[in-house]
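# A closer look at the structure
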Amino acid sequence: MNNFNVKMQGKNQFIDDIWAHLKAFKLKLNLFAGQLAKNDLPHFSRLNSIPSVNEEKLKNYEDGLKKLHFQFERRFQDFSAIQTELDIFTMHFNVNCEAVRSDL
């Protein structure tokens, strides 16, 4: 979260860079929540070092990550509303040309 916060700060950042950081962070949240759900802990070195991890604690951590993801979806919904326009600049080869506004 700290690294993401630092990446979002500063002057002279392009919107596509901010969008890329946001998408990457949300993907990580989903990845980590999924790994906790499966008790697959490669990204959680401290949890991985514990011989017997409490399943209830893992579920709490997973729920916390899902709630955080939901909050990011809600707080940055303006970005999601213009995702197609942003993707033109960040992933221009993956955009369906027919779905893009003609002025872009």
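Before reading further, recall that the structure is shown in the block above.
Numbers given for residues are sequential positions, taken from 1 along each chain in its written order. Only residues with pLDDT of 70 or above have their local features reported here, since the model is predicted, and side-chain atom pairs are shown and tallied only from 80 upward, although totals for entire chains, interfaces and linings are computed over all residues. No hydrogens and no water enter the side-chain calculation; it runs on all heavy atoms of the structure.

## So, the pattern of salt bridges
Pairing between side chains of opposite charge can happen when their charged atoms approach one another. The salt bridge definition used is simple: a Lys or Arg side-chain nitrogen within 4 Å of an Asp or Glu carboxyl oxygen. Under the definition given, this model contains 3 salt bridges. In this structure, E73 engages K26 in a salt bridge whose closest nitrogen and oxygen atoms are separated by 3.1 Å. Taken together, the residues span a long stretch of sequence, with E73 in helix α4 (residues 55-75) and K26 in helix α2 (residues 15-37) at a distance of 47 residues. With its nearest N and O atoms 2.9 Å apart, the salt bridge here joins E62 to K66. Residue E62 and its partner K66 are located together in helix α4, separated by 4 residues, close to a single helical turn. Secondary structure elements are taken from DSSP: a helix is a run of H or I of four residues or more, a strand is a run of E of two residues or more, and numbering for both begins at the N terminus.

## Let's talk about the layout of surface pockets
With a probe scaled to a water molecule rolled over the atoms, the places where space remains empty come into view. The space that makes up the largest pocket amounts to roughly 200 Å³. Cavities and pockets are found on a 1 Å grid laid over the protein atoms alone: a cavity is a set of points where a 1.4 Å probe fits but cannot escape, a pocket is an open set with protein on both sides within 12 Å along at least five of seven lines, and a lining residue has an atom within 4 Å of such a point. Considering the residues around the largest pocket, the lining is formed by M1, N3, F4, K7, H21, A24, F25, K28, L29, F32, L65 and L68. Of all the elements in the fold, those that place two or more residues in the lining of the largest pocket are α1 (2-8), α2 and α4. Ranked by residues supplied to the lining of the largest pocket, first place goes to α2 with 6 residues. Partitioning the lining of the largest pocket into residue classes produces 8 nonpolar, 2 polar and 2 charged. Grid points are joined across faces, edges and corners, and a volume is the space filled by probe spheres set on the points. In the scheme used here, Gly and all other residues not listed as nonpolar or charged are polar, with Ala, Val, Leu, Ile, Met, Phe, Trp, Tyr, Cys and Pro taken as nonpolar and Asp, Glu, Lys and Arg as charged.

## What to know about the nonpolar core
Ranked by internal contacts, the top residues of the largest apolar core, which has 17 residues, are L22, L36, L41, L47, L58, F72 and F79. Ranked by residue count, the leading element in this core is α2, at 7 residues. What is meant by a nonpolar core is a set of buried Ala, Val, Leu, Ile, Met, Phe, Trp, Tyr and Cys residues, joined one to another through side-chain atoms within 4.5 Å. Think of it in three bands: with a 1.4 Å probe and only protein chains considered, a residue is buried below 20% of the maximum accessible area for its type, exposed above 50%, and partly exposed in between.

## Some words on the packing of aromatic side chains
Ring pairs shown here join Phe, Tyr and Trp side chains whose ring centres sit within 6.5 Å, with only the six-membered ring taken for Trp; geometry is labelled stacked below 30 degrees between planes, edge-to-face above 60, and tilted in between. Considering all chains together, one arrives at 5 aromatic pairs under this definition. Both rings, one in F4 and one in F25, keep their centres 4.6 Å apart while their planes meet at 20°; by these two values the pair is stacked. Taken together, the residues span a long stretch of sequence, with F4 in helix α1 and F25 in helix α2 at a distance of 21 residues. You'll find F4 and F25 in the same group, each marked buried. Ring centres of F4 and F72 lie 5.4 Å apart, and the angle between their planes is 70°; on these two criteria the pair is classed as edge-to-face. Taken together, the positions of F4 in helix α1 and F72 in helix α4 put the pair 68 residues apart, joining distant regions of the chain. Taking the relative accessible area as the measure of exposure, F72 reaches 8% and is therefore buried.

## What about the side chain of Q35?
When you line up the elements, Q35 lands in helix α2. By relative accessible area, Q35 is classed as buried at 8%. The contact definition used throughout considers only heavy atoms, calling two residues in contact when any of these lie within 4.5 Å. Once you skip the residues sitting within four places of it in the chain, Q35 turns out to touch D40, P42, H43 and F44.

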